[in-house]
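A look at the structure
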Amino acid sequence: MNAILTVRGLSARIDGQQVVEDVGFDVPATGVTALLGRNGVGKTSTIRGILGLIERQGKVIFDGVRIDSERTHRIVRGGVGYVPEDREVFSKLTVAENLRLAERQPNPNRELVEQLFPDLVQRAGQQAGTLSGGQQQMVSLARALLNDNRLLLVDEPTKGLAPKIVGEVAEALALAAKTVPILLVEQNLQVVRRLADTAVVVEGGRTVWEGGAAELLDDDELTTRLLGVHGADAPQQPSESTKGETL
Ligand SMILES: Nc1ncnc2c1ncn2[C@@H]1O[C@H](COP(=O)(O)OP(=O)(O)O)[C@@H](O)[C@H]1O
Ligand SMILES: [Mg+2]
């Protein structure tokens, strides 16, 4: 397999506390690889470790080059785009300002972004903090797509979104995946089924399964054991429209 990213024996710490123990997997050079596992198993920390945002040890090879001792800004400049959990848009800045700040190259991919997110063109002058969660997610994705990345790390892009918006975000990711390989952390297994070719499952800070995404999701016993849900009828996450209704 032609891998764009190879991770071996990755461990990571936050404030001296070990949060990733021994994670290893390959991300193929095309398509979507899902990084899965229950809450708190170390998915976000794995991504932050790959990027050098938290203290890490082990081997991380990006397009044939070791990056496990590199500083974050060099890894990002080298072509690893990051779409963080919770989006992290600049809420006081406009949509256009958020996008302009993300541009790293002389000829950013503005046309691609405008094609993928026409809504953002309409809202160019709007303060990002006043956008819906789904729209903020689009801004976060757009920022990564403005640059010619060779890999995108996307952390829980559909978390907390209404089902209709989940579909729109998934569609944008599917189109983005035609241009760049994606490592995707995603709890919504319908989205995983739609997008992912391969899957990696983490438990207790360790890789416990790696294989085809369909192979995992078609195996109810395996998904129940590893993810705590059934692949076919995974519960929807609380959505913007239904959140709080049962309180
Ligand atoms: N800032 C932090 N300080 C201390 N522990 C943390 C911090 N962030 C995450 N952790 C711990 O690290 C572990 C892995 O967290 P995380 O990588 O966020 O998991 P996931 O993304 O799979 O839900 C959890 O046990 C969590 O409590
Ligand atoms: Mg997380």
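Residues numbered from 1 in each chain as written. Chains lettered and ligands numbered in written order. Predicted model: local features only at pLDDT ≥ 70, side-chain atom pairs only at ≥ 80, totals over all residues.

In the nomenclature of an unreviewed UniProt entry, the protein chain corresponds to Amino acid/amide ABC transporter ATP-binding protein 2 (HAAT family) from the organism Homoserinimonas aerilata. One UniProt comment on the protein chain, placed under Sequence similarities (unreviewed entry), says "Belongs to the ABC transporter superfamily." (UniProt positions renumbered as here; feature names shortened; annotations may be inferred.)

The subject of this paragraph is the pairing of strand 1 (residues 3-14). Sheet topology note: the strand 1/strand 2 (residues 17-28) ladder contains eight bridges and is antiparallel. Bridged to V7 within strand 2 is F25. Where strand 1 hands over to strand 2, the hairpin turn is made up of two residues, of which D15 adopts a positive phi near 50 degrees. Inspection of the sheet shows strand 1 paired to strand 4 (residues 55-62) by seven bridges, in the antiparallel sense. Of the residues in strand 4, the one forming a bridge with R13 is E55. (Pairing = 2+ DSSP bridges. Helix = DSSP H or I, 4+ residues; strand = E, 2+ residues; numbered from the N terminus.)

With that settled, the discussion passes to the environment of E97. With respect to the element layout, E97 can be found in helix 3 (residues 95-102). Residues E97 and A124, spaced 27 residues apart in sequence, show a C-alpha to C-alpha distance of 8.2 Å.

It is worth spelling out the site of ligand 1 at this point. Surrounding ligand 1, one finds I14, D15, Q17, V19, G37, N39, G40, V41, G42, K43, T44 and S45. Counting only elements with at least two residues in the shell around ligand 1, the list comes to strand 2 and helix 1 (43-50). The leading source of residues in the shell around ligand 1 is helix 1, at three residues. Its residues assigned to classes, the shell around ligand 1 comprises three nonpolar, seven polar and two charged. (Near = placed C-beta within 6 Å. Nonpolar A, V, L, I, M, F, W, Y, C, P; charged D, E, K, R; others polar.)

Remark: helix 3 packs on helix 6 (residues 133-145), axes separated minimally by 8 Å, with the N-to-C direction vectors making an angle of 30 degrees. As the angle between them shows, helix 3 and helix 6 are arranged roughly parallel. Viewed along their axes, helix 3 and helix 6 form a crossing whose handedness is right-handed. On helix 6, the residues that touch V95, N98, L99 and A102 of helix 3 are V139, A142 and R143. Residues belonging to the contact of helix 3 with helix 6 are distributed by class as follows: five nonpolar, one polar and one charged. (Axes fitted to C-alpha atoms, helices over the stretch in contact; angles between N-to-C directions. Parallel < 35°, antiparallel > 145°, perpendicular 65-115°, else oblique. Left-handed = near helix turned anticlockwise from the far one by under 90°. Contact = placed C-beta atoms within 7 Å.)

In this structure, D15 is a non-glycine residue whose phi angle is positive, near 50 degrees. Mapped onto the secondary structure, D15 falls in the loop between strand 1 and strand 2. Overall, D15 belongs to the exposed group, with 7 C-beta atoms counted inside 10 Å. In the Ramachandran plot, D86 falls in the positive-phi region, its phi being about 70 degrees despite a non-glycine side chain. (Buried ≥ 20, exposed ≤ 12 C-beta atoms within 10 Å, placed from the backbone.)

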